[in-house]
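Architecture at a glance
One-letter residues, chain by chain:
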Amino acid sequence: MSDRMTYAYAVAYDTEGLRESTAALQGVADAPVRFVAAARDDRLLLAVSSVPAQDFREDALKRHLEDLDWLEAVARAHHGVIEALAARTTVLPLRLATVYLDDSRARDVLETGRSMFAERLSRLADQVEWGVKIYVEPSAVPPAPAAPAAGLPPGRAYLRTRRQQQSVRDTVYQAAQQAAERVETAGRAYAVDRVRHRVQQGVLADAGGAGGAGENVVNDAYLVPLEHGEAFLADVNHAADGLPGVRVEATGPWAPYSFAMPLAGPKDVTDTADAPDATDTADAADATDSTDSTDSTDSTESVPP
């Protein structure tokens, strides 16, 4: 059995200057990035590296996914390769830790899905992904002036205080719904697709919010044509205006992580069901500059024109 495996980052079309611009690119485990071409269409490429089998066989990988330092390093390298490719061509980012026994098996999967990959690349050309998260922070809203509690028994005074706190909380969540509606309006105006992800919890929730604390209540991704990016971002950045206790954060533009279909190959690909999706990969890499290891995509829906 070989001591190396083929780690796959993304499917892409060969474009002028792509190979030259990525000749020195390193990926996971500091391994050089290279390309595997489809047998019947050498324009269709799979960006790969050779990685140590001892770290990426199924049993080893499951252990590594519990090691946040290892996971962060792999996520950062994975994300870096995809962003470097996306600067030169349209890409279909693959799930973190997609690995094959060798190049031959990876090429077989690329060839089998050739038509689907070509269609998907055509659809995503000149589109980027923007992430939009909404947080609620009831503690950031000053409470309404309390009525005098003189003469109230301690129990009743406590209950009244609790009711006031609950009222503030309810108001903030209603405001978050308003912000979400404003973001959705921007999506209908400028985006061509939307993916709803699970709200972030755990490690990603702790690291992801550049603005501070708060509960993540919306975690969506929008596919936006390049020419509409600035207008979409401007509307999203104003979605929380006048809504105390609500924070809206936009991240991107990213390669279209949430809109790429996963590469399949059940017998020869290492099972990475517990690995983060690529959208979590982007968040994990970004958070250390400014993963709750879960499947992040719950549903995909097109945004009405």
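Summary of the structure given here. For clarity, every value in this text was computed on a predicted model and none was experimentally measured.

The rules behind each value
Each chain carries its own residue numbering, running from 1 in the direction its sequence is written. Under the rules for a predicted model, residues below a pLDDT of 70 receive no local features and side-chain atom pairs below 80 are neither given nor counted, while totals for whole chains, interfaces and linings still include all residues. Calculated side-chain values reflect all of the structure's heavy atoms, with hydrogen atoms and water omitted. By definition, any uninterrupted DSSP run of H or I lasting at least four residues is a helix, any uninterrupted run of E lasting at least two residues is a strand, and each is numbered from the N terminus. For every residue, the accessible area (1.4 Å probe, protein chains only) is compared with the maximum for its type, and the residue is labelled buried under 20%, exposed over 50%, or partly exposed between those bounds. Accessible surface area values rest on a Shrake-Rupley calculation with a 1.4 Å probe, where residue burial reflects the displayed protein chains alone. Residue count minus one, scaled by 1.5 Å, sets the expected span of a helix. For Phe, Tyr and Trp, rings pair up if their centres lie within 6.5 Å, where Trp contributes its six-membered ring, and each pair is then called stacked (planes under 30 degrees apart), edge-to-face (over 60) or tilted (otherwise). The criterion is simple. A nonpolar core is a set of buried Ala, Val, Leu, Ile, Met, Phe, Trp, Tyr and Cys residues joined through side-chain atoms within 4.5 Å. Should any heavy atoms of two residues lie within 4.5 Å, those residues are considered in contact. Two strands make a pair as long as DSSP finds a minimum of two bridges between them. A fitted line through C-alpha atoms serves as each axis, taken over the contacting stretch for helices, and the angle formed by two N-to-C directions is quoted from 0 to 180°. By salt bridge we mean one thing: a side-chain nitrogen of Lys or Arg within 4 Å of a carboxyl oxygen of Asp or Glu.

**So, the overall build of the chain**
A count of helical and extended segments in the chain gives 10 helices and 9 strands. The buried share of the chain, reckoned over its 305 residues, is 46%. Working note: accessible area of the chain is about 15,000 Å², and carbon and sulfur atoms make up 50% of it.

**Quick word on helix α4 (residues 68-86)**
The first and last C-alpha atoms of α4 sit 26 Å apart over 19 residues, in line with the 27 Å expected at 1.5 Å per residue. Inspection of α4 places W70, L71, V74, A75, A77, H78, H79, V81, I82 and L85 among the buried residues, and these make up the whole buried set.

**A short note on the packing of aromatic side chains**
Across all of its chains, the model carries 4 aromatic pairs by this definition. With centroids separated by 5.6 Å and ring planes inclined at 80°, the aromatic side chains of Y7 and F56 adopt a geometry described as edge-to-face. With Y7 in strand β1 (residues 4-13) and F56 in helix α2 (residues 53-56), this residue pair connects regions lying 49 residues apart in the sequence. Taken individually, Y7 and F56 each receive the classification buried, so the pair is uniform in this respect. Ring geometry for Y222 and F232: centres 5.3 Å apart, planes at 50°, overall tilted.

**Some points on the nonpolar core**
Soluble globular proteins tend to bury their nonpolar side chains together. Counting residues in hydrophobic clusters, the biggest one holds 33 residues, and the most contacted among them are Y7, Y9, V28, F56 and L85. Of all the secondary-structure elements, those providing two or more residues to this core are β1, β2 (34-38), β3 (41-52), α2, α4 and β4 (91-100). At 8 residues, the largest contribution of residues to this core is made by α4. In this view, Y9 contacts G27, V28, V33, A47, V48, S49, H78, V81, I82, L92, P93 and L94; residues no more than four positions away in its chain are not counted. Counting 23 residues, the second largest nonpolar core, distinct from the first, contains V128, V136, V172 and V236.

**Describing unusual backbone geometry**
Following G252, the chain continues into P253 via a peptide bond in cis, with omega recorded as 0°. The topology assignment puts P253 in strand β8 (residues 246-254). Here D30, not a glycine, exhibits a phi torsion of approximately 60°, which is positive. With respect to the helices and strands, the residue D30 is situated in the loop between α1 (18-21) and β2. Unlike most non-glycine residues, D126 shows phi in positive territory, near 65°. Tracing the backbone shows D126 in the loop between α6 (114-124) and β5 (127-136). On the basis of relative accessible area, D126 is assigned to the exposed category, the value being 56%.

**Brief notes about the sheet that holds β3**
Spatially, β2-β3-β1-β4 is the arrangement adopted by the 4 strands of the open sheet, whose pairing is antiparallel. Of all strands in the sheet, those bounded by a partner on one side alone are β2 and β4. Adjacent strand axes in the sheet meet at a mean angle of 30°, parallel and antiparallel pairs treated alike. Docked against the sheet, α4 engages β1, β2, β3 and β4, running at close to 145° with respect to β4. Together, β1, β2, β3 and β4 form the strand contacts of α6, whose direction differs from that of β4 by roughly 135°.

**Brief notes about the pattern of salt bridges**
Per the counting criterion, the structure on display carries 13 salt bridges. With a closest N to O distance of 3.4 Å, K62 and E58 form a salt bridge. Placement of the pair is K62 and E58 together in helix α3 (residues 58-64), with a separation of 4 residues, close to one helical turn. Note on E58: relative accessible area 37%, which makes it partly exposed. Between D220 and R194 there is a salt bridge, with the nearest N and O atoms lying 4.0 Å from each other. A residue pair is termed long-range when its members are at least 10 positions apart, and D220 in strand β7 (residues 215-225) and R194 in strand β6 (residues 193-197) qualify at 26 residues. By the burial criterion, D220 is buried, and R194 matches it. A single salt-bridge network, built from bridges that share partners, covers E184, R194, R196 and D220.

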